[in-house]
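Letter by letter, the chains look like this.
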Amino acid sequence: MRVFRKIGDVLEILVFPHEKIRKGEYLLVEDRSKELSLIVQVIEINYIDAPGMLEDLVREGILKDSIVYENDLVDVGRTTRFLRDTKLATTLIRGSIHRNIFSPVYSDLPSRAFSSVRKISTAEIIKYVRNGSSLKHPIPIGYDFDGNIVYVDAVKLDGCLSLITGMKGSGKSHLAKLLVLSLVEHGAPVIVFDLNGEYVGLGENGRIKVLEAGKNLSFTLSYLGRETVLKLLTNVLGLPGVSANLFNEIWSLAERGRRSITVDYLISVVNNVVKNLMIRDALISRLMILGSSRFISDDENNVTRLEELFRDTKGYIVILKGLSSVERRLLVEVFLSKLTDLLEKELIPPLFLFAEEAHMYVRNTYWEDIITRMRHFGLFVVFITNQPDSLGQQVFRQLDNLFIFRFQNDHDLDMLSRISNIDSDTVKSIAKDLRRGKTLIIGPVVDWIPSVVEVGKLSVNPMGMTKRVFAYSKAT
Ligand SMILES: Nc1ncnc2c1ncn2[C@@H]1O[C@H](COP(=O)(O)OP(=O)(O)OP(=O)(O)O)[C@@H](O)[C@H]1O
Ligand SMILES: [Mg+2]
């Protein structure tokens, strides 16, 4: 390989026919006389466009057709073939190493005449950038192009907002499961909103507990408290403002009358005190929806006390599968509202929240609010979605870590390239060529060295298989 030219942060490198490189790989451009190396990442590979190439190709065609080619004494064919198979790699400069010290910038260039270009593994670059410091909570996330294990530091997920995205079946949930298992192993509290019931297998190792509405997940209105119940009525069930004000008073009245508040009891208070028919109906119909939700009960002895969640077990899977869309929204609202409150009061430790297809159960504006406020209190969300445009701009602007799987659709790629701290050329070019299970990781978690990683295997059977008609009919 040879350095050809530099345009801005792009270094173009000639790759000769016997040399093999792949998009996403790293190269080291070394100049020993200056003790200077540039670290560059391949983002595009093309054939060279040498002047006269077309003419040469045509000439070779003519020669091939004629008897002269057989006796090609000066070996014109070989030279043309060499030229034809020489490629031009477009690489982006990711940093430099001067006298063994890495810097994300560069102040000088290696000699074009004397420097050598060689491949360097992603794992090695990351190690170099980390400057030999050992990771506090290493997660072996997968392998680089050369089969070396790539470690990410769980600490760098902490305090961050992360996104796992890619087209259907590209391997997003697989990675999310690996991260959940690893985080829990490192003792970090984690909650997963499991939309498809595909995380239940993580409970097999005994460290993670599966919570299922109506079975081992249940709340009473007394436990939820006025604030949360009011949020359920207004945010999810759309109770208008006037009725919401009245509901506050009704709750106070109910509290005076009896210690434990149930749906039926609230309905009877509403019936007694609310004279306006419309408001009464508005309140009662919504209270009845609450009452029919599988996770609302009157049994004070069977309440899931969220403040006690992380005392022993660190990981929880909240199954949303099988719930109606309203129940799903209500349950998520209960969690978000209670967790927010408990975090603010420092009654629970900071935690990670994994949310699959978050737009299915929480409004965008609400996420934005949570993300902005909750970062300070210690709720760190990992979004998993195949529709990046389902997340609001505000969320996008605050993303720290990105795990991008294969995307083919330009619209999705355009969306991703709007994220700050990310160079769109890298994403667009690399994401299109990723196979299933391979991801491009960007952000603090890989010390800002964009890395293509083949995600590792899971230690448990996650039940994450997408149901297929033919696989199903074969099995039955
Ligand atoms: N790194 C991997 N190693 C082994 N199997 C994998 C890997 N990544 C994904 N798979 C398998 O590929 C299939 C699809 O993966 P996964 O369910 O993670 O995709 P997804 O991106 O979440 O899809 P969807 O958008 O439909 O939710 C699963 O059966 C999963 O077990
Ligand atoms: Mg999935």
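Residues numbered from 1 in each chain as written. Chains lettered and ligands numbered in written order. Predicted model: local features only at pLDDT ≥ 70, side-chain atom pairs only at ≥ 80, totals over all residues.

1. Some points on the overall build of the protein chain
So, step 1. A tally of regular secondary structure across the protein chain gives 14 helices and 18 strands.
So, step 2. Its C-alpha atoms give the protein chain a radius of gyration of 29 Å, more than 25% over the compact-globule value 23 Å for 476 residues.
So, step 3. Its C-alpha atoms put the protein chain at 105 × 50 × 45 Å along the principal axes.
So, step 4. Burial status across the protein chain gives 37% buried among its 476 residues. (Helix = DSSP H or I, 4+ residues; strand = E, 2+ residues; numbered from the N terminus. Rg over C-alpha atoms; globule rule 2.2 N^0.38 Å. Buried ≥ 20, exposed ≤ 12 C-beta atoms within 10 Å, placed from the backbone.)

2. Remarks on the site of ligand 1
So, step 1. Near ligand 1 lie 16 residues; those nearest to it are Gly 171, Lys 172, Ser 173, His 174 and Gly 437.
So, step 2. For the shell around ligand 1, the leading source of residues is helix α4 (residues 172-185), giving 3 residues.
So, step 3. The class makeup of the residues in the shell around ligand 1 is 2 nonpolar, 10 polar and 4 charged. (Near = placed C-beta within 6 Å. Nonpolar A, V, L, I, M, F, W, Y, C, P; charged D, E, K, R; others polar.)

3. As for the environment of Phe 193
So, step 1. Among the secondary structure elements, Phe 193 is positioned in strand β11 (residues 190-194).
So, step 2. Phe 193 gets classed as buried once you count the C-beta atoms within 10 Å, which come to 25.
So, step 3. Remark: the alpha-carbon pair of Phe 193 and Ala 358, spanning 165 residues in sequence, is separated by 8.5 Å.
So, step 4. Each residue touching Phe 193, except ones within four places of it in the same chain, is listed here: Val 318, Leu 320, Val 332, Phe 354, Ala 355 and Glu 356. (Contact = placed C-beta atoms within 7 Å.)

4. As for helix α5 (residues 221-236)
So, step 1. Between its first and last C-alpha, α5 extends only 16 Å over 16 residues, short of the 22 Å set by a 1.5 Å rise per residue.
So, step 2. Taking the largest bend as the criterion, α5 deviates by roughly 70 degrees, centred on Glu 227.
So, step 3. When we look at burial in α5, the residues that qualify are Leu 221, Leu 224, Thr 228, Val 229, Lys 231, Leu 232, Leu 233 and Val 236.
So, step 4. In this structure, the buried residues of α5 make contact with α6 (241-257), α7 (263-273), α8 (277-292) and α9 (325-344).
So, step 5. Positive phi shows up at Gly 238, right after α5, with a value of about 65 degrees. (Expected span 1.5 Å × (residues − 1). Bend = angle between axes of the 7 residues up to and from the residue.)

5. Regarding the nonpolar core
So, step 1. Formed by 126 residues in total, the largest nonpolar core has its most connected members in Val 180, Val 190, Ile 317 and Phe 354.
So, step 2. Top contributing element to this core by residue count: α4, with 8 residues. (Core = buried A, V, L, I, M, F, W, Y, C linked by C-beta atoms within 7 Å.)

6. Some details on unusual backbone geometry
Among all residues except glycine, the phi angle is most often negative; among peptide bonds, the trans geometry is most common.
So, step 1. Unusually for a residue other than glycine, Asn 100 sits at a positive phi of about 70 degrees.
So, step 2. Here Asn 100 falls in the exposed class, since 9 other C-beta atoms lie within 10 Å of it.
So, step 3. Although it is not a glycine, Glu 357 adopts a positive phi angle of roughly 45 degrees.
So, step 4. Within the secondary structure, Glu 357 sits in the loop between β14 (351-356) and α10 (364-377).

7. Notes on the packing of α6 against α8
So, step 1. Here α6 crosses α8 at 75 degrees, and the two axes come no closer than 10 Å. By the angle class used here, α6 and α8 are roughly perpendicular. Contacts between α6 and α8 pair Val 242, Ser 243, Leu 246 and Phe 247 from the former with Ile 279, Ala 282 and Leu 283 from the latter. (Axes fitted to C-alpha atoms, helices over the stretch in contact; angles between N-to-C directions. Parallel < 35°, antiparallel > 145°, perpendicular 65-115°, else oblique.)

8. Comments concerning the sheet that holds strand β18 (residues 451-455)
So, step 1. Pairing is mixed across the open sheet formed by 11 strands, whose spatial order is β9-β8-β18-β17-β16-β10-β15-β14-β11-β13-β12. At either margin of the open sheet sits one strand with a lone partner, and together these are β9 (149-153) and β12 (208-212). Taking each pair of neighbouring strands and ignoring which way they run, the sheet shows an average axis angle of 30 degrees.
So, step 2. Bridging between strand β16 (residues 401-404) and strand β17 (residues 438-442) involves 3 bridges; their strand directions are antiparallel. Bridging across to β17, Phe 403 finds its partner in Ile 441. (Pairing = 2+ DSSP bridges.)

9. Some words on the environment of Val 446
So, step 1. Along the polypeptide, Val 446 turns up in the loop between β17 and β18.
So, step 2. On the basis of neighbour counts, which here come to 26 C-beta atoms within 10 Å, the residue Val 446 falls in the buried class.
So, step 3. Distance from Val 446 to Gly 24, taken between C-alpha atoms, is 14 Å for residues 422 residues apart in sequence.
So, step 4. For Val 446, the contacting residues outside a window of four places in its chain are Ile 126, Val 152, Ile 441 and Ser 451.

10. Comments concerning α4
So, step 1. Under the 1.5 Å per step criterion, the end-to-end length of α4 is 20 Å for 14 residues, consistent within 8% with the ideal 20 Å.
So, step 2. Of all 14 residues that make up α4, 13 are buried, and the element is covered over most of its length.
So, step 3. Immediately beyond the C-terminal end of α4, within one or two residues, lies Gly 187, with a positive phi of roughly 85 degrees.

11. Here's the deal with the packing of α5 against α6
So, step 1. Where α5 meets α6, the closest approach of the two axes is 11 Å, and the angle between their N-to-C directions is 150 degrees. Considering the angle they form, α5 stands roughly antiparallel to α6. Between α5 and α6 the crossing geometry is right-handed. Across the interface between the two elements, Arg 226, Leu 230, Leu 233 and Thr 234 of α5 pack against Ala 244, Phe 247, Asn 248 and Trp 251 of α6. (Left-handed = near helix turned anticlockwise from the far one by under 90°.)

12. Notes on the pairing of strand β8 (residues 138-143)
So, step 1. Relative to β9, β8 is paired through 5 bridges, and the arrangement is antiparallel. What sits directly across from Tyr 143, in β9, is Ile 149.
So, step 2. Linking β8 back to β9 in an antiparallel pair, the connection comprises 5 residues, with Gly 147 at a positive phi of about 85 degrees.
So, step 3. Inspection of the sheet shows β8 paired to β18 by 2 bridges, in the antiparallel sense. Looking at the pairing, Gly 142 lines up with Val 455 of β18.

13. Quick look at the pairing of strand β3 (residues 26-31)
So, step 1. With 6 bridges connecting them, β3 and strand β4 (residues 36-47) associate as antiparallel partners. In the sheet register, Asp 31 faces β4, and the bridge partner there is Leu 36.
So, step 2. Inspection of the sheet shows β3 paired to strand β7 (residues 116-120) by 5 bridges, in the antiparallel sense. By the bridge assignment, Tyr 26 is partnered in β7 with Ile 120.

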